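Listed below are the residues making up each chain.
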Amino acid sequence: MTIGMRAIGCLAAAALLAATGCGGDSDDTQVQDQKIEINVFWWGGEKRAEMTEQALALYTARHPNVSFKTHWQGNQGYYDNLATQAAGVDGPDLFQIDDNYLTEYAERSVTLDLTPYATSGALDLSKLPDSLAKYGQVGGRQVGVASAENTPAMVYNRTLVRQLNLPEPTVGMTYEQLFTWATQITNATDGKVAGTMDPSADYKALWLWLRAQGKELYAGKQLGFTTADLTAWFQMWQTARDTGAAPAPSVIKEANGGDVTKQLVATGRAATSFMWSNQLPELQGNTKDELALVSYPGDPKGQWARASMYWSAFRGTRHPEVVIDVMNFLVNDPEAGKILGTERGLSPNTDVRKVVSEALTDPTARATIDFENAITPRFGAAPAPPPKGHAKIRSMLTSAAESVQLGRKSPKQAAEEFLNQANGALAT
């Protein structure tokens, strides 16, 4: 019996719970007989679309009464489009979301409360690492389920490092050790390749640096760090630039936007970039040099495995039980897992992850899985998902960091302005 069919058996219990307000008015009383169309919306490229549609086609093959109307687009403008659709009565039944907006959509009651389905077993989270399952909770409610897992990873140019006869970076190295190593690379290449990217504008790099010191990016709906903390962060990277460990501001700026094709480890402008582990295959596709992964500097206990993105359901869906079963299928079914591969990240289900790993032939995808399997046991607990306003905070941090990178403001000035503006943005 497939996981999808087993979950159908749990629908009666879930339906009773749904009637208490966890979903819209359901007409799924004959879910195995009536024709049902589920609207699915996500962002991504053509490869993601092809894989997702193949997985959904497999679900339809097993449940001929269920068909899918799919929509996908690039990341740019996705949330504007999702907000427009969610404001109406016919929002997408099932949609992709990330932690930039998960809390906001949950607090606006756009997302279906998945807690009753997780409790009944219709949505099986038992094979997800506990921290990953909890990372989809907001205010004690399960509002999203990880569609994939990824981890922060410093991607480095292994070919270049070996050519220069330098040691490869290691798990647990300090930032001071990174800068010493990076300066050696800059000097050995006569400044053509900087030793490390400057990620001072990158929220995740800041967050992990804070966690290594026992602090967090957020404390509830406020920032979890002080002006002195952010000043020290900006100052640390200013020193790295001044000593040649990191490149010039003009080089750094091109990578601050996050575009994978412009990351310095792929363009050859730096020996490292601070990325997510699942981005290794795309980065590798942009360079002939061999790239490799290591954790960010600092104690790995301050780092965590996160949901690269989630599946959430629209609160107003007319078919909550079927939507939950589709979600359960995408997360837990081994055949679906093999189709979806590692494009979104590693399967959140640890059993499915093993099946996918055995079927992989792409060496960079295998390297991603091997890295995550090796490093995640050394990670700490995941924090709560970011609060509403996180997307604004990310943008404001980039602006503040660039003002320091370009010499327009001192680290302290930029930090003071950021904290004043950021706490105000989180309070609205």
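Residues numbered from 1 in each chain as written. Predicted model: local features only at pLDDT ≥ 70, side-chain atom pairs only at ≥ 80, totals over all residues. Heavy atoms only, no water.

**Details of the overall build of the chain**
When helices and strands are tallied, the chain shows 20 helices and twelve strands. Computed over C-alpha atoms, the radius of gyration of the chain comes to 22 Å, within 12% of the 22 Å expected from 2.2 N^0.38 for 428 residues, which places it in the range of a compact globule. When each of the 428 residues of the chain is scored for burial, the buried share is 56%. Within the chain, residue pairs in contact and separated by at least 24 positions form 77% of the contacts whose partners lie at least 6 positions apart. (Helix = DSSP H or I, 4+ residues; strand = E, 2+ residues; numbered from the N terminus. Rg over C-alpha atoms; globule rule 2.2 N^0.38 Å. Buried < 20%, exposed > 50% of the residue type's maximum accessible area, 1.4 Å probe, protein only. Contact = heavy atoms within 4.5 Å.)

**Here we look at helix α3 (residues 46-62)**
The end-to-end C-alpha separation of α3 is 25 Å, in line with the 24 Å expected for 17 residues at 1.5 Å each. At its buried positions, α3 is contacted by β1 (36-43), β2 (66-73), β3 (94-97), β12 (306-313), α15 (320-332) and α16 (334-340). (Expected span 1.5 Å × (residues − 1).)

**So, the sheet that holds β3**
By way of backbone hydrogen bonds, the strands of a sheet pair with one another, either parallel or antiparallel. Strand order in this open sheet of five strands is β2-β1-β3-β12-β6, and the pairing throughout is mixed. The sheet is open, and its two borders are formed by β2 and β6 (145-150), each paired with just one other strand. Each neighbouring strand pair of the sheet contributes to a mean axis angle of 20°, computed without reference to strand direction. Where β1 lies against β3, two bridges are found, and the strand directions are parallel. By the bridge assignment, V40 is partnered in β3 with L94. Sheet contacts for helix α4 (residues 78-86): β1, β2 and β3; angle to β1, the most-contacted strand, approximately 150°. (Pairing = 2+ DSSP bridges. Axes fitted to C-alpha atoms, helices over the stretch in contact; angles between N-to-C directions.)

**With respect to the nonpolar core**
In this structure, Y175, L206, F225, L230, W233, F234 and F418 are the most contacted members of the largest nonpolar core, which totals 74 residues. Those residues in contact with L206 that sit more than four places away from it in its chain are L217, F225, L230, W233 and L397. Counting residues in each nonpolar core, the second largest holds 33 residues, with I38, W42, A133 and V326 among its members. (Core = buried A, V, L, I, M, F, W, Y, C linked by side-chain atoms within 4.5 Å.)

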